[in-house]
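Coordinate analysis (summary)
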Amino acid sequence: MMQQKADVSGEKENAFSSKRYDDARKAESEDILARIKSETGSGASGLITRSFHRGREHLKASELDHQDRVEVWATRIGRILGLILMLAMMVWLVLYLLQA
C-alpha cells in the first residue's frame, strides 16, 4: 500500500517536471522563431532595413561603454567624418569617370 502511494506521488512529480520542461522548451522555441523572423525580414527590404539599422548603430557607437562620454563622442565624430570623407570620394570618383 505504501509503495503504491510513493509510485503515485512520483508520477505526479514526473508529470509536473515534464510539463515545466515542455513549457520551457516551448518558450525557448518561440523566442528562437521570433528572433529568426526579425532577422530575416522579407527579401531585399529586410536586407536593406538590417543594413540601415547596423549602420545607424555603428555611427551611434552603441557598442561602447556610455559611462565614458568622451570616448563615445570622439568615436561618433570620427565615424561621421569617415562617412563624409567616403561619400565625398565616391562623388569625386563618379565626376572623374563622367569627364573621361
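What counts as what
- Residues numbered from 1 in each chain as written.
- Predicted model: local features only at pLDDT ≥ 70, side-chain atom pairs only at ≥ 80, totals over all residues.
- Heavy atoms only, no water.
- Helix = DSSP H or I, 4+ residues; strand = E, 2+ residues; numbered from the N terminus.
- Buried < 20%, exposed > 50% of the residue type's maximum accessible area, 1.4 Å probe, protein only.
- Salt bridge = Lys/Arg side-chain N within 4 Å of Asp/Glu carboxyl O.
- Phe/Tyr/Trp six-rings, centres within 6.5 Å; stacked < 30°, edge-to-face > 60°.
- Lys NZ or Arg CZ within 6 Å of the ring centre and 35° of its normal.
- Patch = residues over 30% accessible without salt bridge, like charges linked within 9 Å, V, L, I, M, F, W, Y side chains within 5 Å.
- Areas by Shrake-Rupley, 256 points an atom, 1.4 Å probe, with all protein chains shown as cover.
- pLDDT = per-residue confidence, 0-100.
- Polar contact = N/O pair within 3.5 Å; in protein donor to acceptor, adjacent residues only side chain to side chain.

Comments concerning the overall build of the chain
Helix and strand counts for the chain stand at three helices and zero strands. The order of α-helices and β-strands along the chain, N terminus first, is α-α-α. The burial tally for the chain puts 4% of its 100 residues in the buried class.

Section: the pattern of salt bridges
Tallying each qualifying case throughout the model produces three salt bridges. For aspartate 23, the salt bridge identified is with lysine 19, shortest N-O distance 3.7 Å. Of this pair, aspartate 23 and lysine 19 both sit in helix 1 (residues 2–40), separated by four residues, roughly a single helical turn. When the shortest N-O distance is used, the salt bridge between lysine 60 and glutamate 57 registers 3.6 Å. Here the residue lysine 60 and the residue glutamate 57 both occupy positions in helix 2 (residues 43–60), the gap between them amounting to three residues, near one helical turn.

Re the packing of aromatic side chains
The full count for this structure, using the stated rule, is one aromatic pair. Aromatic side chains tryptophan 92 and tyrosine 96 sit 5.5 Å apart centroid to centroid with 20° between the ring planes, which places their arrangement in the stacked category. Residue tryptophan 92 and its partner tyrosine 96 are both found in helix 3 (residues 69–99); the two are separated by four residues, about one turn of the helix. Tryptophan 92 gets classed as exposed once you look at its relative accessible area, which sits at 54%. Over the ring of tryptophan 73 we find arginine 76; its NZ or CZ atom is 4.8 Å from the centre of that ring.

A word on the environment of lysine 60
Judged by its relative accessible area of 40%, lysine 60 falls in the partly exposed class. For the pair lysine 60 and arginine 76, spaced 16 residues apart in the sequence, the C-alpha separation amounts to 6.0 Å.

What about a nonpolar patch on the surface?
Together, Trp73, Ile77, Ile80, Leu81 and Ile84 line one region of the surface with nonpolar side chains, adding up to about 510 Å² of accessible area. Within the element layout of this structure, isoleucine 84 appears in helix 3.

Quick word on unusual backbone geometry
Phi at alanine 61 takes a positive value of approximately 55°, unusual for a residue other than glycine. Examined against the element boundaries, alanine 61 turns out to sit in the loop between helix 2 and helix 3.

Here we look at the confidence of the model for the chain
Considering every residue of the chain, the mean pLDDT works out to 82; 79% of them sit at 70 or more. Confidence, read as mean pLDDT per element, is least for helix 1 in the chain (73) and greatest for helix 3 (95).

Observations regarding the environment of arginine 56
You can see arginine 56 is positioned in helix 2. Accessibility expressed as a relative area gives 46% for arginine 56, which makes it partly exposed. Here histidine 53 takes part through its side chain, which lies 2.9 Å from a polar atom of the side chain of arginine 56.

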